[in-house]
Amino acid sequence: MKKTFLLIAALLMMGSAAFAGGGIDLAIGPKVGFQTASLSYQKADIKAGFSNHFTAGIFGRVTVGRVYVQPEVLYFKTSNVFDAHVIGVEENENLFNLPTGANVNLTLNQMNLQVPILVGFNVIDLDVVTLRAQVGPTANFVLQSKTLYDQTYTLEGQTAEIANTTTDEKFNPKSISWGVQAGLGVDVLKRITLDINYNFGLSKMFDALNETTLGETFDFSNIDNTKQNMFMVTVGVKLL
């Protein structure tokens, strides 16, 4: 993670030095947006995206001619729901209040820091509007994760409730997952930016879930569905 930030800092410093001497354009600024499984132009869907999957961060851009490099740092929340079978560990029985053999749904909420480094090309470059195409690798770091448990479970076909209210349990999943982003961007008046990228997950965020401390109590299914595949829609403002 430190190496990623050092690379971003180096790119921006190189751009700043070149900007001072002319020939290279440097931009930096904040951006906000949301993540979504599918794109929609409906106002209600966009509002729900900002409410439930809000994303905020900063971006930089170093442009040479029509080619640019755009590193970003984005902060956002994700949730994953798992079907889990209680295999039972004696010292954890009082913690989870679940009998061995029960089936329960677990929700893992994460706060993430995503660092894409995009390489792009200005397809149309006018004073009023610029159309861009971009692609590049992305690293996703988990900053914090909590586990929520349903208040009901099933055992031998019967549904029952957990005896006591359970508390959030911290959980440390795989610390980093990799992906590739590709998408389009639009700049308006060389100042306002709109980016729509799709993140193709290359590694599973919870590939080793059964090998963690939670795996001592639960046997997880549907782990294969935990790659970070999603659209990222962001709006930014160039401060430089």
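This text goes with the structure placed above it.
Figured I'd write up the structure that's included with this text.

Each value, and the rule that gives it
- Residues numbered from 1 in each chain as written.
- Predicted model: local features only at pLDDT ≥ 70, side-chain atom pairs only at ≥ 80, totals over all residues.
- Heavy atoms only, no water.
- Helix = DSSP H or I, 4+ residues; strand = E, 2+ residues; numbered from the N terminus.
- Buried < 20%, exposed > 50% of the residue type's maximum accessible area, 1.4 Å probe, protein only.
- Contact = heavy atoms within 4.5 Å.
- Areas by Shrake-Rupley, 256 points an atom, 1.4 Å probe, with all protein chains shown as cover.
- Pairing = 2+ DSSP bridges.
- Phe/Tyr/Trp six-rings, centres within 6.5 Å; stacked < 30°, edge-to-face > 60°.
- Core = buried A, V, L, I, M, F, W, Y, C linked by side-chain atoms within 4.5 Å.
- Salt bridge = Lys/Arg side-chain N within 4 Å of Asp/Glu carboxyl O.

### Description of the overall build of the protein
The helix and strand inventory of the protein stands at three helices and 12 strands. Residues classed as buried in the protein amount to 42% of the 240 residues present. Restricting the contact set of the protein to residue pairs at least 6 apart, pairs at least 24 apart contribute 71%. Carbon and sulfur atoms make up 60% of the accessible area of the protein, which amounts to about 12800 Å² in all.

### Some details on the pairing of strand β1 (residues 25-36)
Where β1 lies against strand β2 (residues 54-64), 10 bridges are found, and the strand directions are antiparallel. Each residue of the ladder has a partner; that of Gly33, found in β2, is Thr55.

### Here we look at the packing of aromatic side chains
By the definition in use, this model includes two aromatic pairs. Note on Tyr198 and Phe200: the rings are 4.7 Å apart at their centroids and 70 degrees apart in plane angle, and the pair reads as edge-to-face. Ring geometry for Tyr198 versus Phe231: centroids 4.7 Å apart, planes at 65 degrees, classification edge-to-face. Of the two residues, Tyr198 is situated in strand β10 (residues 192-201) and Phe231 in strand β12 (residues 230-237); the sequence distance between them amounts to 33 residues. Since its relative accessible area comes to 22%, Tyr198 is described here as partly exposed. Taken together, the ring pairs connect Tyr198, Phe200 and Phe231 into an aromatic cluster.

### Some remarks on the nonpolar core
Phe82, Val104, Leu106, Phe206, Leu209, Phe218 and Phe220 are the most contacted members of the largest nonpolar core, which totals 17 residues. Elements with a minimum of two residues in this core: β3 (67-86), β4 (103-125) and β11 (218-220). Core analysis: the second largest hydrophobic core is formed by five residues, Val73, Val115, Ala139 and Phe141 among them.

### Comments concerning unusual backbone geometry
Positive phi values are uncommon outside glycine, yet Leu189 reaches one of about 55 degrees. Under the relative-accessibility criterion, Leu189 is labelled exposed at 59%. Non-glycine residue Lys190 carries a positive phi angle of around 60 degrees. Mapped onto the elements of the fold, Lys190 is located in the loop between β9 (176-188) and β10.

### So, the environment of Ala182
Its place among the elements puts Ala182 in strand β9. You can call Ala182 partly exposed: its relative accessible area is 28%. Counting along the chain gives 17 residues from Ala182 to Asn199, while the straight-line C-alpha distance between them is 6.9 Å. Residues contacting Ala182, with those up to four places away along its chain left out, are Gln134, Val135, Ile196, Asn197, Tyr198 and Phe200.

### A look at the pattern of salt bridges
Between side chains of opposite charge, a pair can form as their charged atoms come close. Going through the model one piece at a time under the given rule, you end up with seven salt bridges. Where Arg132 meets Asp187, a salt bridge forms, and the shortest distance between an N and an O atom there is 3.1 Å. Of this pair, Arg132 sits in strand β5 (residues 129-149) while Asp187 sits in strand β9, placing them 55 residues apart in sequence. The partner of Asp187 in a salt bridge is Lys238, with the nearest N and O atoms 3.4 Å apart. Of this pair, Asp187 sits in strand β9 while Lys238 is found in the segment after β12, placing the two residues 51 residues apart along the sequence.

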